[in-house]
Amino acid sequence: MNQKIVYLVLDKINESMKTVKKELTKEERQANIDRLIARWKASQEESRRETEERVKTPEYQAMLRELRKKNAARGIIIPEL
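Residues numbered from 1 in each chain as written. Predicted model: local features only at pLDDT ≥ 70, side-chain atom pairs only at ≥ 80, totals over all residues. Heavy atoms only, no water.

*Asks:* I would appreciate a short explanation of the side chain of asparagine 71 in the present structure.
*Replies:* Tracing the sequence through the fold places asparagine 71 in helix 3 (residues 58-74). Apart from the residues within four sequence positions on either side, asparagine 71 is in contact with Ile76 and Ile78. (Helix = DSSP H or I, 4+ residues; strand = E, 2+ residues; numbered from the N terminus. Contact = heavy atoms within 4.5 Å.)

This is how it looks when you write it as structure tokens:
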């Protein structure tokens, strides 16, 4: 008897935990895709902008000069951008 009660309670818990997913319309799917692409493009642009800002910092420029010196001593040339 106790085992039956436990199973009934577990079944009720499982039912309450299930999420109901509705099928998306073609327009809703396309809107999701468009939002995903827009977020990706914004992320790429932010990453590009941060990289450009970082390259302009004095610390980065000093590190790059030091790297060029070391590579020049080894015979490796890094072109100026």
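Now that the structure has been shown, the text picks up again.
*Asks:* It is not clear to me how helix 3 should be interpreted in this structure. Could you clarify?
*Replies:* Note that an α-helix has 3.6 residues per turn; residues three or four places apart therefore point the same way. With 17 residues, helix 3 extends 24 Å from end C-alpha to end C-alpha; this agrees with the ideal 24 Å at 1.5 Å per step. By the burial criterion, the buried members of helix 3 are Leu64, Arg68 and Asn71. Take helix 3 and look down its axis: the buried residues cluster within an arc of 70°, on one side only. What points out from helix 3, more than 90 degrees from its buried face, is the exposed set Pro58, Glu59, Lys69 and Ala73. Note on helix 3: the residue one or two positions beyond its end, glycine 75, has a positive phi of about 90°. (Expected span 1.5 Å × (residues − 1). Buried < 20%, exposed > 50% of the residue type's maximum accessible area, 1.4 Å probe, protein only. Arc of directions from axis to C-beta.)

*Asks:* Whenever I open this one, the pattern of salt bridges confuses me. Can you help?
*Replies:* A side chain of one charge can pair with a side chain of the opposite charge if their charged atoms are brought near each other. Summed over the entire model, instances satisfying the criterion amount to four salt bridges. Here glutamate 52 ties to arginine 48 by a salt bridge, and the two come within 2.5 Å at their closest N and O atoms. Of this pair, glutamate 52 and arginine 48 both sit in helix 2 (residues 26-55), separated by four residues, roughly a single helical turn. Exposure remark for glutamate 52: the relative accessible area of 40% places this residue in the partly exposed category. Ionic pairing is found between arginine 49 and glutamate 53, a salt bridge with its closest N-O pair at 2.5 Å. On the criterion of helical spacing, the pair formed by arginine 49 and glutamate 53 is a turn pair, its members being four residues apart in helix 2. By relative accessible area, glutamate 53 is classed as partly exposed at 44%. It is possible to trace a salt-bridge network through shared partners that takes in Glu45, Arg48 and Glu52. (Salt bridge = Lys/Arg side-chain N within 4 Å of Asp/Glu carboxyl O.)

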